[in-house]
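# Reading the structure
The lines below spell out each chain.
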Amino acid sequence: MLLKDRVAIITGGGSGIGQGVAGRFAKEGAKLMLVDLNPAGLEETAAQVKDAGAEVETFEADVSVTEQVEAFFAKTVEHFGRLDICVNNAGIGNPPAPLVQMTDEGFDRTVAVNLRGVFLCMRAAGRQMLQQGDGGRIISVASQAGKTGFAFLSPYCATKAGVILMSKAMAKEVGASNITVNVVCPGTIDTPLLHGTLDPIIEAQGTTLEEWALKSGSPIPLNRIGYPRDVANLITFLASDDADYMTGQAINISGGQEMH
Ligand SMILES: NC(=O)c1ccc[n+]([C@@H]2O[C@H](COP(=O)([O-])OP(=O)(O)OC[C@H]3O[C@@H](n4cnc5c(N)ncnc54)[C@H](O)[C@@H]3O)[C@@H](O)[C@H]2O)c1
C-alpha cells in the first residue's frame, strides 16, 4: 500500500475525479476526509470507499468560504490527529461565453471556487503541515486549460493558470520543510462536469463524448479520452514516497493532448 495510514483531505470528493482519487487512495490505505458542496455525492463516495475498507469522514462545505474551509481542516485534525495530503480538486466550469459577453457573476464565481478556494485550502494545509513539522503533500487539480487558452472559457483558463503559478510560488516557500506542492493538469476526462458542458453539443450531433473529443477537440495522441482513474493514478504517485523529490511541477494527464 502506497499511502498506508496517511490522512488525506480530498475536496470535490463527491463526483468525477475526486471520487476516483478517493477510491484509489482507499485501496492504498489512506484515511479520508471527503469535502463537497453536494451531500448526496459525498454519501455515494463514502459508501464506495467504506466498501474498500477505508476509514472515512465527510464534510459538506463550500471551498470558497474561509470559515467553512477552516472548519473542515479543524475537523480533520480533531478526528484523525493530523494531515498528510491535501488534494484540492473541487472546481467548476464557467458558463461558456466569449470574454466580451462574460458576466461579472460568471467570472466572480469561477474565481471564487477555482482560485480562492484552492488558495484557502493551500493556506490551511500549509499551516497545519508546518505546525506538524514532518512534511506533507499538497496537490491541486488545474487543467490543460491553465496552459492553453480555450475560447469561451476565459475565467476558467485564468483560474487554472493561477493555481499553477500559486503552487510554484508556494513550493519554493515550503520546500525546506519537506512539503511538496504539485499540480495535475487533466485533459478531456469523462466526468459529470465535462458532460454538463458538452452533452447539449454531443446530443445535437448524435455522437458520444469520446467520438466527439477525438474528432472535434484537439488531437489526443493516445486516441482515447481520460477517466478519473487516470488522474487518480498520477495524484497517487504525487502523494506517495516515490515522488518525494518532486515539487513545483504542473504535470499533464491528457493522453498527450497537451504537451507543454
Ligand atoms: N473533467 C475534465 O475533463 C477536467 C479537465 C481538466 C480539469 N478538470 C478539473 O478537475 C476537477 C474535478 O472536476 P470533475 O471533472 O471531476 O468535475 P465534477 O463536477 O464531476 O466534480 C467536481 C466536484 O466538486 C464539487 N464542488 C464544486 N464546487 C464546489 C465548492 N465550491 N465547494 C466544494 N465542492 C465543490 C462538486 O459538487 C462536484 O462534486 C475540477 O477542478 C476541474 O476543473 C476536469
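Residues numbered from 1 in each chain as written. Predicted model: local features only at pLDDT ≥ 70, side-chain atom pairs only at ≥ 80, totals over all residues.

### Thoughts on the overall build of the protein chain
Filter applied, for reference: We count a stretch as a helix when DSSP gives it H or I for four or more residues in a row; a strand needs E for two or more, and each element gets its number in order from the N terminus. Atoms considered for the radius of gyration are the C-alpha atoms alone. The globule rule reads 2.2 Å times the number of residues to the power 0.38. Exposed residues have 12 or fewer other C-beta atoms within 10 Å of their own C-beta, buried residues have 20 or more, and residues in between are partly exposed; the C-beta atoms are placed from the backbone. We call two residues in contact whenever the C-beta atoms placed from their backbones are within 7 Å.
Secondary structure assignment for the protein chain yields 8 helices and 7 strands. The C-alpha radius of gyration computed for the protein chain amounts to 17 Å, which stays within 12% of the reference 18 Å derived for 260 residues, consistent with globular compactness. On the principal axes, the C-alpha backbone points of the protein chain span a range of 50 × 35 × 35 Å. Per-residue burial over the protein chain gives 47% buried out of 260 residues. In the protein chain, 71% of the contacts between residues at least 6 apart in sequence involve partners at least 24 apart.

### Focus on helix α5 (residues 154-174)
Applied cut-off: Expected span, for any helix, means 1.5 Å times one less than how many residues it has.
With 21 residues, α5 ought to run about 30 Å at 1.5 Å a step, and its terminal C-alpha atoms sit 30 Å apart, in line with that. Within the span of α5, buried status applies to Ser154, Pro155, Tyr156, Cys157, Ala158, Thr159, Lys160, Val163, Ser167, Met170 and Val174. Packing partners of the buried residues in α5 comprise α4 (104-132), β5 (136-141) and β6 (179-186).

### With respect to the domain arrangement of the protein chain
For clarity, the cut-off: Boundaries of every domain are those given by an automatic assignment or by a domain database. When residue character is reported, Ala, Val, Leu, Ile, Met, Phe, Trp, Tyr, Cys and Pro are called nonpolar, Asp, Glu, Lys and Arg charged, and the others, Gly included, polar.
Domain annotation of the protein chain identifies domain 1 (7-189 + 227-253) and domain 2 (190-225). One C-alpha centre belongs to domain 1, the other to domain 2, and the line joining them spans 24 Å. Split into classes, the residues belonging to the side of domain 1 that touches domain 2 amount to 5 nonpolar, 5 polar and no charged.

### Description of the site of the ligand
Worth spelling out the cut-off: Only the C-beta atom, placed from the backbone, is used; a residue is near a molecule or strand if that atom lies within 6 Å of it.
Around the ligand, a shell composed of 29 residues is seen, among which Gly12, Ser15, Gly16, Gly91 and Leu193 lie nearest. Put simply, the parts of the chain that give the shell around the ligand at least two residues each are α1 (16-27), α4 and α6 (192-205). The class makeup of the residues in the shell around the ligand is 12 nonpolar, 15 polar and 2 charged. Residue-level mapping places the shell around the ligand at the junction of two domains, with at least three residues from each of domain 1 (7-189 + 227-253) and domain 2 (190-225).

### A closer look at the environment of lysine 4
Here lysine 4 shows up in the segment before β1 (7-11). Judged by C-beta crowding, with 9 C-beta atoms within 10 Å, lysine 4 ranks as exposed. For the pair lysine 4 and serine 240, spaced 236 residues apart in the sequence, the C-alpha separation amounts to 9.7 Å.

### Considering the packing of helix α3 (residues 66-80) against α4
Threshold: Axis definition: a line fitted to C-alpha atoms, over the contacting stretch in the case of helices. Angles run 0 to 180 degrees between N-to-C directions. Handedness of a helix crossing follows the sense of rotation of the near helix relative to the far helix, less than a right angle counterclockwise being left-handed and clockwise being right-handed.
Here α3 crosses α4 at 35 degrees, and the two axes come no closer than 10 Å. The chirality of how α3 crosses α4 is right-handed. Every residue of α4 that contacts α3 at Thr66, Val69, Glu70, Phe73 and Val77 is listed here: Leu120, Cys121, Ala124 and Gln128. Residues that form the contact of α3 with α4 fall into these classes: 6 nonpolar, 2 polar and 1 charged.

### Focus on the nonpolar core
Our working definition: For our purposes the nonpolar core covers buried Ala, Val, Leu, Ile, Met, Phe, Trp, Tyr and Cys residues that link as a set through C-beta atoms within 7 Å.
Counting residues in each nonpolar core, the largest one holds 62 residues, and the members touching the most others are Ala8, Ile10, Leu32, Val87, Cys121, Val184 and Ile235. Ignoring sequence-local partners within four residues, the contact set of leucine 32 consists of Ala8, Ile10, Ala22, Phe25, Ala26, Val49, Ala54 and Val56. Counting 5 residues, the second largest nonpolar core, distinct from the first, contains Ala145, Leu153, Tyr156 and Cys157.

### So, the packing of α4 against α5
The angle between the axes and the distance between the axes are what describe a pair of packed helices. How we decide: Our angle categories are set so that under 35 degrees counts as roughly parallel, over 145 as roughly antiparallel, 65 to 115 as roughly perpendicular, and the remainder as oblique.
It is the contact of α4 with α5, at a shortest axis distance of 9 Å, that shows an interaxial angle of 15 degrees. What the angle tells us is that α4 and α5 run roughly parallel. Judged by the twist between their axes, the crossing of α4 over α5 is right-handed. For the pair α4 and α5, the contacting residues are Gly106, Phe107, Thr110, Val111, Asn114, Leu115, Val118, Phe119, Met122, Gly126 and Leu130 in the first and Pro155, Tyr156, Thr159, Lys160, Gly162, Val163, Met166, Met170 and Val174 in the second. Residue composition of the contact of α4 with α5, by class: 13 nonpolar, 6 polar and 1 charged.

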